[in-house]
Amino acid sequence: AGFRMGAGGARVEAVQTTSGEWIECDNIVVAAGAWTKQIIQQICGADLIPTAVVPHQYIIFEATEGVSNALPVVRDYESKYYLKPEVGGFCVGVFEGNPRPHLPEAVKLRNGTSVPADAMNEVFEETFDKADPSLEQALEAVPVLQSTGIKSLLHGPDTHSVDHNPIMGRMWDSDNIYVCTGFNSQGIQCSAGAGLAMAEWILEGHPRSFPTDFTSCDVQRFYPKLASNRDWVEARACEGYGTAYGLHWPQEQFESGRGAHRTGPLQEELLRRGAVLGNGFGWERPLYFLTPEEMAAKAAAHSPHMDHSLPTPTGYANDLKDTEWFAAEARECRACREEAVVFDLSTFGKLRVSGEDALALLQRSCTANMNKPVGSVTYTCMLDESGGIVADFTVNRRGEQDFYIVTTTPQPYLVKDVLRRNARDLPQHQLQDVSEDLGVLALMGPNSPGILSKLTDTSVEDVDFPPFTMQTIEVAGVPVDALRVSFVGEIGWELHVPADRTLEVYRALHQAADAAGLQLGDAGAHALLNSLRLEKQFVHFGHDISPKESPIMAGLRFACALKKKGGFVGSEAIAAEAKDGPRGGVRLATVLMPTAPAVMWGHGGELVYKDGEMVGYLTSAGFSHTLGFPIGLAFLPFADKAIVPGVYEVEAATPNGRERFPASVSLKCAVDPEGTRMKARQAQAAQDAALGKPATLAADAA
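All of the points below concern the structure found in this document.

How each quantity is defined
Residues numbered from 1 in each chain as written. Predicted model: local features only at pLDDT ≥ 70, side-chain atom pairs only at ≥ 80, totals over all residues. Heavy atoms only, no water. Helix = DSSP H or I, 4+ residues; strand = E, 2+ residues; numbered from the N terminus. Buried < 20%, exposed > 50% of the residue type's maximum accessible area, 1.4 Å probe, protein only. Expected span 1.5 Å × (residues − 1). Contact = heavy atoms within 4.5 Å. Polar contact = N/O pair within 3.5 Å; in protein donor to acceptor, adjacent residues only side chain to side chain. Phe/Tyr/Trp six-rings, centres within 6.5 Å; stacked < 30°, edge-to-face > 60°. Salt bridge = Lys/Arg side-chain N within 4 Å of Asp/Glu carboxyl O. Pairing = 2+ DSSP bridges. Axes fitted to C-alpha atoms, helices over the stretch in contact; angles between N-to-C directions. Disulfide = S-S within 2.5 Å.

Some points on the environment of Val341
Tracing the sequence through the fold places Val341 in strand β16 (residues 341–344). On the accessibility criterion, Val341 (0% relative accessible area) is buried. Taking the C-alpha atoms as reference, Val341 lies 5.1 Å from Leu520; in sequence the two are 179 residues apart.

Here we look at the side chain of Thr654
Along the chain, the position of Thr654 falls in strand β32 (residues 648–654). Accessibility expressed as a relative area gives 12% for Thr654, which makes it buried.

A look at helix α13 (residues 502–516)
Residues spaced three or four apart along an α-helix face the same direction, because each turn holds 3.6 residues. Given a rise of 1.5 Å per residue, 15 residues ought to cover 21 Å, and the 21 Å separating the end C-alpha atoms of α13 matches this to within 8%. Along α13, the positions that sit buried rather than exposed are Thr502, Val505, Tyr506, Ala508, Leu509, His510, Ala512 and Ala513. In the stretch just after α13, Gly517 is the one whose phi turns positive, near 70°.

What to know about the environment of Lys610
Structurally, Lys610 is set in strand β28 (residues 607–610). Among the residues examined, Lys610 registers a relative accessible area of 16% and is labelled buried. Sequence-wise, Lys610 and Glu78 are 532 residues apart; in three dimensions their C-alpha atoms are separated by 35 Å. Residues contacting Lys610, with those up to four places away along its chain left out, are Val615, Val644, Pro645, Gly646, Val647 and Tyr648. A polar contact of 3.2 Å, which involves the side chain of Lys610, links it to the side chain of Asp611.

A few points about the packing of aromatic side chains
For the coordinates displayed, the defined rule picks out 16 aromatic pairs. For the ring pair Phe95 and Tyr245, a centre distance of 5.1 Å and an interplane angle of 20° mean the geometry is stacked. Here Phe95, found in the loop between β9 (89–94) and α2 (105–112), pairs with Tyr245, found in the loop between α6 (230–243) and α7 (267–272); they are 150 residues apart in sequence, far enough to count as distant. Owing to a relative accessible area of 5%, Tyr245 belongs among the buried residues under this scheme. Taking the centre distance of 5.7 Å and the plane angle of 15° together, the rings of Phe487 and Phe538 count as stacked. Here Phe487, found in the loop between β24 (478–483) and β25 (492–498), pairs with Phe538, found in the loop between α14 (525–535) and α15 (571–580); they are 51 residues apart in sequence, far enough to count as distant. With a relative accessible area of 30%, Phe487 lands in the partly exposed category.

A closer look at the environment of Lys416
Considering the arrangement of structural elements, one finds Lys416 in helix α11 (residues 412–422). Overall, Lys416 belongs to the buried group, its relative accessible area being 18%. In this structure the C-alpha to C-alpha distance between Lys416 and Leu431, which are 15 residues apart in sequence, comes to 7.6 Å. Contact partners of Lys416, with chain neighbours within four places excluded, come to Leu351, Leu431 and Asp433.

Observations concerning the pattern of salt bridges
Applying the stated criterion across every chain yields a total of 38 salt bridges. As a salt-bridge pair, Arg4 and Glu24 come within 3.8 Å of each other at their nearest N and O atoms. With a gap of 20 residues between them, Arg4 in strand β1 (residues 2–5) and Glu24 in strand β3 (residues 22–24) connect regions that are remote in the sequence. Classification of Arg4 by relative accessible area gives partly exposed; the value is 33%. The class for Glu24 is exposed, based on a relative accessible area of 65%. The partner of Glu436 in a salt bridge is Arg262, with the nearest N and O atoms 3.0 Å apart.

A look at the sheet that holds strand β23 (residues 470–475)
One open sheet holds the six strands; their spatial order is β23-β24-β25-β22-β16-β26, and the pairing between them is mixed. Each edge of the open sheet carries a strand with a single partner, namely β23 and β26 (521–523). Each neighbouring strand pair of the sheet contributes to a mean axis angle of 30°, computed without reference to strand direction. The sheet strands contacting helix α9 (residues 326–338) are β16, β22 (438–444) and β26, and the helix crosses β16 at an angle near 120°.

A short note on the state of the cysteines
Enumeration over the complete set of coordinates arrives at zero disulfides. Between Cys180, a free cysteine, and Cys217, which holds the nearest cysteine sulfur, the sulfur-to-sulfur gap is 9.4 Å. Considering cysteine sulfurs only, Cys333 is the nearest to Cys336, which forms no disulfide, with 7.4 Å between them.

Quick notes on the pairing of strand β12 (residues 167–170)
The sheet contact formed by β12 and strand β13 (residues 177–181) spans four bridges and is antiparallel. Residue pairing in the sheet places Arg170 in a bridge with Tyr178 of β13.

Some words on unusual backbone geometry
A cis amide bond links Asp132 with the next residue in sequence, Pro133, at an omega value of 0°. Looking at the element boundaries, Pro133 is found in the loop between α3 (128–131) and α4 (134–141). For Asn184, which is not a glycine, the phi torsion comes out positive at approximately 55°. Its relative accessible area of 3% is what places Asn184 among the buried residues. With a phi close to 50°, Asp672 is a non-glycine residue in the positive phi region. Assignment of secondary structure puts Asp672 in the loop between β33 (657–666) and α16 (680–690). Overall, the relative accessible area of 4% leaves Asp672 in the buried class.

Shown next as structure tokens:
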């Protein structure tokens, strides 16, 4: 009936029952199924939980001789049904490919408003149209059903999330408000694990007892404003329901409701240049770029959920080389290593932290030392008390008490939440989210100094503009904050530009390259995340690092200033680990598979064996276009400051079944382990080679 909030609205102190009784609480978990959305809205004052009701129908047959609960549950993912024993007979449940035409009007109304508090044991009108053709295929597969009577049809509500993963964890900007919902018809079978995970979330900050992390289930993975668009939420929930039974691919994109929330400053320009887009944290962003011929040959979409307003991937395949983007990804990676490319990274999260307590807050919150000269750019992690990584990003010191954080697309709200919790006794600070105010153009590759120098009077030589520094410069007459950093291992700059002038700078870069006779291409997220950064062993949050991993495990000891005054959150745990060795006795390593087919291109989870015994799995997997074979990252046995030697193999699913392929493993990255290519002198040599001298990239890779 009501909630009593503490000062600041971040804590629920008591819950009022319908009888008027007040129950005081240390924590509150809202696990109310379809009602969770409106209860959280009542507590937090905003529509924050992106779930919708999508009814599911199943058919219970009369008793059949020989059927008992000893029989297994059978799922036919191609025909979209499951078959299970039910009180001496069979039950067939169907997950039809497109549930929207069968949504009852009452469900649509509730998805757009709320579910009545007194709704209970509701069922909707049954229809065989909803079950066809899956029911026919079940009858064909189990002929006894053709002569068995139907006891009942049940068509009842289920709560589905917009990405078909559960929604769990602590709410943004709260201290004790937790949520557990959106189990997509899997609530009963997930209940035991969900209960344990929620208990650990409350007691320890994150789930600890599971072999994998919960970043894909964390409520904070969502852009908070997504839930307010109820039509979009319903469309996405229906798509997740309709594709639950089906063939899935790595980096698969949802196809409904595209472009409904956030649009970057270059979208129209990039679409004209052949961009194929993906969706993340409410943004549309380029994944790869097709030539006009490739775009014309692009596979037609047959999904009933497809929003045709934006080009999205359709040409999936088991082998990466058969996908519609393999050639594009290869083209973009080679251009980055040998010439230059520009990535549109405008979707990055961007925060300003300023005020009298800004430095103290960041020193407490960040593993690295933030008390560096103005103009410095520092890579750092944020940890929980146990030393697990909750975020990673770069920090640019713009003034004595003025800092600029650049983080990945999904992280700005998470980072703000951590800073808020760490600022209990540091009130003199301002935290501003400028993610939508600035565009980001990442100019990367050996041609980048030559291109940038044509547009600015500022020297881009190493001595004047060294790595990990920032300068405010003019580029084609536009004031730009240029950060000398790279997520691809090549020399380059992130150009942070006012959003309304980003297109102007982007066009100027291409014009300058053309005038100088230097090649400059466009590149997208597939090249960046699935190839280039893997070659450099650069970690990615949610894949290689999470609260389950520490900086010591991930090879990020360099980002931990253990001697800085006052330490940082998690510093005691990291100091102990630095002394005793990484937790679990494992370290992140690069895994090279020279003889493997290109089937390991993003699934992750492929098992790694040492001397015939399973010792880990690939946290990231992709294809090295520099080396010409699959590459991955994995946490592997570590002792005596090295990966434990042995005969390593990686197991992958191929057309021939599960096969193992020889692998070499190393603590070092696969391409340019000394980092020389990020320096201007090496870039100049590579640029000279591109203009006619022999290239040295293969030697660098070796």
